[in-house]
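Descriptive structure summary
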Amino acid sequence: MLVLRNVTYSTDGRKILENINMRFKEGMSYSILGPNGAGKSTIAYILMGVIKPSEGKVLLDERDITDLGITERAKLGITLLWQEPARYDGITVEEYLTLGGKLNVDTRDVKEVLEIVGLPYELYCHRFVDRSLSGGERKRIELASILLLKPKYAILDEPDSGLDITASELIDRILGYLKKVGTTVILITHHEEIAKKTDFSYFVCGGKVVRKGFSDEVVEYYKRACGKCPLLEGMSDGH
Ligand code: ADP
Ligand code: MG
């Protein structure tokens, strides 16, 4: 189980997260739902070890991992899909997905995960992961790499943003695959219909957990309590 215990994060004298408590149990799927600026990506960075909390702890199976960095956490099976996908000039999709052949997978596995993210292997395996791919294509390729890794924990920061209307089915396929291989999913989103696809949700606003529970209930609360909130205006456009 991955746990955030009493996590607070301040930067430049501003409190971004306040007393965050979250528990992610093995094999379950969770969403962190909230408007822009709520602190969702900051939570992802704290889980991945990109930044350290100002107060509080990160625990993995009761071990304190607060001081471990990204590489050490990756070795423990924690992965992050960044909100903004990266570019890797001069590296092909196949090289990227297999870590230059270091990952013990065969072409069949690469084909399978590319199919799940909606990219035909034959069209993409020799493409370069650079500017020639769109942001949405790079995001799909990063998602495919997480599927190939079969991590213990997959933190997906807005996997649906930057994708087109097929995103909903794509998220269904990804959640189905990760459930099958036993990965715990932490899906960050500001779309309630995406949050509904997970077992449990945390609704975060203003750096605090406002509500937690079964996703259906949290989404109902979010719609009821936040329908007229100015923070949520303009959020249906994918930004
Ligand atoms: P979300 O992912 O929910 O949109 P973020 O976690 O990216 O929100 O950011 C939460 C708040 O913290 C925002 O108001 C953002 O401007 C602020 N913030 C994030 N990182 C920094 C930073 N390094 N310095 C100052 N403010 C930051
Ligand atoms: Mg964010």
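Look a little higher up for the structure.
One structure accompanies this document, and this report is about it. Note that the structure is predicted; figures quoted are calculated from it, not measured. (Residues numbered from 1 in each chain as written. Chains lettered and ligands numbered in written order. Predicted model: local features only at pLDDT ≥ 70, side-chain atom pairs only at ≥ 80, totals over all residues. Heavy atoms only, no water.)

**So, the overall build of the protein**
- Scanning the protein from terminus to terminus reveals nine helices and twelve strands.
- The C-alpha radius of gyration computed for the protein amounts to 18 Å, which stays within 12% of the reference 18 Å derived for 239 residues, consistent with globular compactness.
- Dimensions of the protein, computed from the C-alpha atoms along their principal axes, are close to 45 × 40 × 35 Å.
- Within the protein, the proportion of its 239 residues that are buried is 50%.
- When contacts within the protein are restricted to residue pairs at least 6 apart in sequence, long-range pairs at least 24 apart make up 66% of them.
- When the accessible surface of the protein is totalled, it reaches about 11900 Å², and 49% of it is carbon and sulfur. (Helix = DSSP H or I, 4+ residues; strand = E, 2+ residues; numbered from the N terminus. Rg over C-alpha atoms; globule rule 2.2 N^0.38 Å. Buried < 20%, exposed > 50% of the residue type's maximum accessible area, 1.4 Å probe, protein only. Contact = heavy atoms within 4.5 Å. Areas by Shrake-Rupley, 256 points an atom, 1.4 Å probe, with all protein chains shown as cover.)

**Focus: the packing of helix H4 (residues 107-116) against helix H6 (residues 135-149)**
- Interaxial distance between H4 and H6 falls to 9 Å at its minimum, and their mutual angle equals 130 degrees. Regarding the angle of H4 to H6, the classification is oblique. The two elements H4 and H6 meet at a crossing, and its hand is right-handed. In contact with Asp109, Val110, Val113, Leu114 and Ile116 of H4, H6 contributes Ala144, Leu147 and Leu148.
- For the contact of H4 with H6, the class distribution of residues is seven nonpolar, no polar and one charged. (Axes fitted to C-alpha atoms, helices over the stretch in contact; angles between N-to-C directions. Parallel < 35°, antiparallel > 145°, perpendicular 65-115°, else oblique. Left-handed = near helix turned anticlockwise from the far one by under 90°. Nonpolar A, V, L, I, M, F, W, Y, C, P; charged D, E, K, R; others polar.)

**Some details on the coordination of the magnesium ion (ligand 2)**
- Around the magnesium ion (ligand 2), the protein supplies Ser41 (OG) and Gln83 (OE1) as donor atoms, at distances of 2.1 to 2.3 Å. On the criterion of sequence distance, the pair formed by Ser41 in helix H1 (residues 40-48) and Gln83 in the loop between strand S6 (78-81) and strand S7 (88-92) is long-range, its members being 42 residues apart.
- What makes Gln83 partly exposed here is its relative accessible area of 25%. (Donors = N, O, S within 2.8 Å, 3.2 Å for Na, K, Ca; no water.)

**As for the sheet that holds strand S12 (residues 208-214)**
- Spatially, S6-S9-S10-S3-S11-S12 is the arrangement adopted by the six strands of the open sheet, whose pairing is mixed. In this open sheet, the two edge strands, each paired with only one partner strand, are S6 and S12. The mean angle between the axes of side-by-side strands here comes to 15 degrees, regardless of whether they run parallel or antiparallel.
- Examined bridge by bridge, strand S3 (residues 29-33) and strand S10 (residues 184-189) share five bridges and lie parallel to one another. Within S10, the residue paired with Leu33 across the bridge is Thr189.
- Packing of H1 onto the sheet brings it into contact with S3, S6, strand S9 (153-157), S10 and strand S11 (200-205), and relative to S6 it is tilted by some 150 degrees.
- Relative to the sheet, helix H9 (residues 215-226) contacts S3, S11 and S12, its axis offset from that of S12 by approximately 135 degrees. (Pairing = 2+ DSSP bridges.)

**Quick notes on the side chain of Thr184**
- Looking at the element boundaries, Thr184 is found in strand S10.
- A polar contact of 3.3 Å, which involves the side chain of Thr184, links it to the backbone oxygen of Lys25. (Polar contact = N/O pair within 3.5 Å; in protein donor to acceptor, adjacent residues only side chain to side chain.)

**Looking at the environment of Gly56**
- Here Gly56 is to be found in strand S4 (residues 55-60).
- Sequence separation between Gly56 and Cys125 is 69 residues; the distance between their C-alpha atoms is 43 Å.

**Topic: the sheet that holds strand S5 (residues 63-64)**
- With respect to topology, four strands assemble into an open sheet ordered S2-S1-S4-S5, the strand pairing being antiparallel. Single-partner strands in this sheet number two, and they are strand S2 (14-24) and S5.
- Strand direction decides the pairing type here: strand S1 (residues 2-11) and S2, joined by seven bridges, are antiparallel. Looking across to S2, one finds that Val3 is bridged to Arg23.

**What about the packing of aromatic side chains?**
- What the rule picks out here adds up to eight aromatic pairs.
- Ring geometry for Phe24 versus Tyr30: centroids 5.1 Å apart, planes at 90 degrees, classification edge-to-face. For the residue pair Phe24 and Tyr30, the accessibility class agrees, reading buried in each case.
- Residues Phe24 and Tyr202 carry aromatic rings whose centres are separated by 5.8 Å and whose planes lie at 70 degrees to one another, so their mutual orientation is edge-to-face. Taken together, the residues span a long stretch of sequence, with Phe24 in strand S2 and Tyr202 in strand S11 at a distance of 178 residues. Per residue, the accessibility class of Phe24 equals that of Tyr202, and both read buried.
- Among the aromatic side chains, those forming a connected cluster through ring pairs are Phe24, Tyr30, Phe200, Tyr202 and Phe214. (Phe/Tyr/Trp six-rings, centres within 6.5 Å; stacked < 30°, edge-to-face > 60°.)

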